[in-house]
Amino acid sequence: MQAKMDIIHISAECYPVAKAGGLGDVVGSLPRFQNELGHHSKVLMPMYRTPYLYAHDWEVVHKASTNLGHWWFDYTVIKEKTNVQGFELFLIDINGLLDREKVYGYEDDTERFSAFQIAAVHWMNTWNALPQVVHVHDHHAALVPFMMQHCYAFKRLQYIPTVLTIHNAQYQGSFSWEKTLYIPQWDSWKRGLLEWKGSINPLASGIKCSWKVTTVSNSYLHELRHMSNGLEPLFEYEKGKCTGILNGIDYTVWNPENDKYLTEHFSVQDAEAGKEKNKGILCERFGLDPQKPLFIFIGRLVGEKGADLLPQAIADSFKFIGRKMNFLVLGNGNAATESQLTMLQSIAQADYNVFIGYDETLSHQMYAGADFLVMPSRVEPCGLNQLYAMRYGTIPVVRSTGGLKDTVIDVGDPGGYGITYNDATVGDITHGIYRAVSLYNQKEIFRSIREKIMDLDFSWHRSAAEYVSLYQSFQ
Ligand code: ADP
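All of these numbers come straight from a predicted model, not from anything done at the bench.

Asker: What am I meant to see in the site of the ligand here?
Answerer: Taken together, 20 residues form the shell around the ligand, and within it Lys 19, Gly 22, Arg 300, Lys 305 and Tyr 367 come nearest. Lys 305 places a polar side-chain atom, nitrogen or oxygen, 2.9 Å from an oxygen atom of the ligand. Side-chain polar atom of Asn 385 to an oxygen atom of the ligand: 3.0 Å apart, as the coordinates give it. Among the secondary structure elements, those contributing two or more residues to the shell around the ligand are helix H1 (22–36), strand S12 (294–301), strand S13 (326–333), helix H11 (360–369) and helix H12 (385–391). Looking at the shell around the ligand, its residues break down into six nonpolar, eight polar and six charged. Counting contributing residues, the shell around the ligand receives three or more from each of domain 1 (6–248 + 460–472) and domain 2 (271–454).

Asker: Would you mind showing me how to read the pattern of salt bridges here?
Answerer: Inspection of the entire model under this criterion finds 24 salt bridges. In this structure, Asp 308 and Arg 378 form a salt bridge, with 2.8 Å as the shortest nitrogen-oxygen distance. Residue Asp 308 is located in the loop between S12 and helix H9 (310–320), and its partner Arg 378 is located in the loop between strand S15 (372–375) and H12; the two are separated by 70 residues in the primary sequence. The exposure class of Asp 308 is partly exposed, given its relative accessible area of 33%. Judged by relative accessible area, which is 28%, Arg 378 ranks as partly exposed. Each member of the salt-bridge network shares a partner with another, and the members are Lys 19, Asp 25 and Glu 360.

Asker: Where do I start with unusual backbone geometry in this structure?
Answerer: The phi angle of most residues is negative, glycine excepted, and most peptide bonds adopt the trans form. The residue after Tyr 15, namely Pro 16, is reached through a cis peptide bond having omega 5°. Mapped onto the elements, Pro 16 comes out in the loop between strand S1 (6–10) and H1. Phi at Lys 197 takes a positive value of approximately 50°, unusual for a residue other than glycine. Here Lys 197 lies in the loop between strand S8 (195–196) and strand S9 (199–200). Residue Asn 229 is not a glycine yet carries a positive backbone phi of 55°. When you line up the elements, Asn 229 lands in the loop between helix H6 (218–224) and helix H7 (232–237). By relative accessible area, Asn 229 is classed as partly exposed at 45%.

Asker: In this structure, what is going on with the pairing of strand S14 (residues 352–356)? I would like to understand it.
Answerer: Where a strand is regular, its side chains alternate between the two sheet faces. As paired elements, S13 and S14 share five bridges and run parallel to each other. Looking across to S14, one finds that Leu 328 is bridged to Asn 353. Once the chain exits S13 it traverses helix H10 (residues 335–348) before rejoining the sheet at S14, and the crossover so formed is right-handed.

Asker: For this particular structure, what's the right way to read the packing of aromatic side chains?
Answerer: Each pair of aromatic rings is reported with the distance of its centres and the angle of its planes. This model, assessed by the stated rule, comprises 19 aromatic pairs. For the pair Phe 90 and Trp 123, a centre-to-centre distance of 5.2 Å together with 55° between the ring planes defines the contact as tilted. Of the two residues, Phe 90 sits in strand S5 (residues 88–93) while Trp 123 sits in helix H3 (residues 109–124), which places them 33 residues apart along the sequence. Of the two residues, Phe 90 and Trp 123, both sit in the buried class. Taken together, the ring pairs in this structure connect Phe 295, Phe 318, Phe 327, Phe 372, Tyr 440 and Phe 446 into an aromatic cluster. A cation over an aromatic ring shows up here: Arg 323 above the ring of Phe 318, its NZ or CZ 4.4 Å from the ring centre. A cation over an aromatic ring shows up here: Lys 443 above the ring of Tyr 440, its NZ or CZ 3.5 Å from the ring centre.

The rules behind the values
- Residues numbered from 1 in each chain as written.
- Predicted model: local features only at pLDDT ≥ 70, side-chain atom pairs only at ≥ 80, totals over all residues.
- Heavy atoms only, no water.
- Near = heavy atom within 4 Å.
- Polar contact = N/O pair within 3.5 Å; in protein donor to acceptor, adjacent residues only side chain to side chain.
- Helix = DSSP H or I, 4+ residues; strand = E, 2+ residues; numbered from the N terminus.
- Nonpolar A, V, L, I, M, F, W, Y, C, P; charged D, E, K, R; others polar.
- Domains from an automatic or database assignment.
- Salt bridge = Lys/Arg side-chain N within 4 Å of Asp/Glu carboxyl O.
- Buried < 20%, exposed > 50% of the residue type's maximum accessible area, 1.4 Å probe, protein only.
- Pairing = 2+ DSSP bridges.
- Right-handed = clockwise from strand over helix to strand, strands pointing away.
- Phe/Tyr/Trp six-rings, centres within 6.5 Å; stacked < 30°, edge-to-face > 60°.
- Lys NZ or Arg CZ within 6 Å of the ring centre and 35° of its normal.

Next comes the structure, spelled out in structure tokens:
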């Protein structure tokens, strides 16, 4: 029996409290699975004004004041009373700074997440029993290891092992040295541990200071050494402490047999009929033809996801393959891509529709009702969409990169079950769609692949255990 460990996750997102992408899904599940393994894992995150806040009961566990440079602020730590998520959930409330509706996208995000991290470390510093591992996620929490090790006020925390998980290295949270006072008084000899290319770079600092760094897939880790928005030499230099641990998916949330967002449930045994009903509902709502294969895209409409390629790829598919398929897109992000996708409606008529926005319910219904999921990502740290899609019997048509490379094997290769292509280009995507339409018409093979993907195991059990082994290497 492994010794029980105390672990705290510090993150900007955690589903269902607040989620903007995969980070939220991971932090909302991993701690529960670590607890199921017999550990004591909890989550600390900012208190935003999301519906979850009002729907749950909270108790105040700590109140104090501290400062962000010359600005003194009060903060309150509240805890969800019943541990309904399967772990203790703590939120830091900083009046006027964190308590807003959205997670990101404000001009003062640097101030918001710097103050959040200061309050987090300030609070941990008051604990009698210190955690055995502080596990921070992405740049919004990546200054924590530096603060624990090199800020005078927090020296009590300096020997606690720290892990940084990088869910996305494109965003690094850089800010200017003019804001140096945002880091509580620190040993100025350690300047190099904050700096990258002339700025304070929280993600780079987290990579330098954390005891271990993980990325959410192995292939992504290799790619970061060649393409990581300026951090390439750092990933090369620090490769010895970096590991890839593939994300799992949470089958209590993502299960077509009892998904709370679906009215028509199904399992691998009745997938054909179950998916047909879900497809019927979707096609009715969006004016599509249920006789044709349905291709979906779900995600942030940004360059990383290859979303800008979609309008042309859809138009070219109609032109070169014919009106043999439907497309339904759900997402928001880049304004030009949003408007191109909206304009496409006028030429694509009954074979295409788009929903601009973020809609958790619709996303589940789309995974359930679609035949294929298109993911032409330029960069994909792990990718959860393809894992959800497969669980719901929807075949992924993906660009082979990062986590997509690690989780989707092409049907043409031994043991394969998806459609892959090498480049994030309109030509490659269109060819992938062409192959998918051909597969759809070979009914027996199509059905057997659908059954196969629904049975693949991407559960958290394996990944949660891998994180725990990593922590145990510190002991
Ligand atoms: P990333 O974190 O880079 O955005 P991931 O594939 O890791 O990408 O995770 C994306 C998550 O966000 C999935 O749960 C996906 O279903 C969800 N998602 C993305 N965009 C939307 C949207 N517009 N509406 C609903 N869910 C979305």
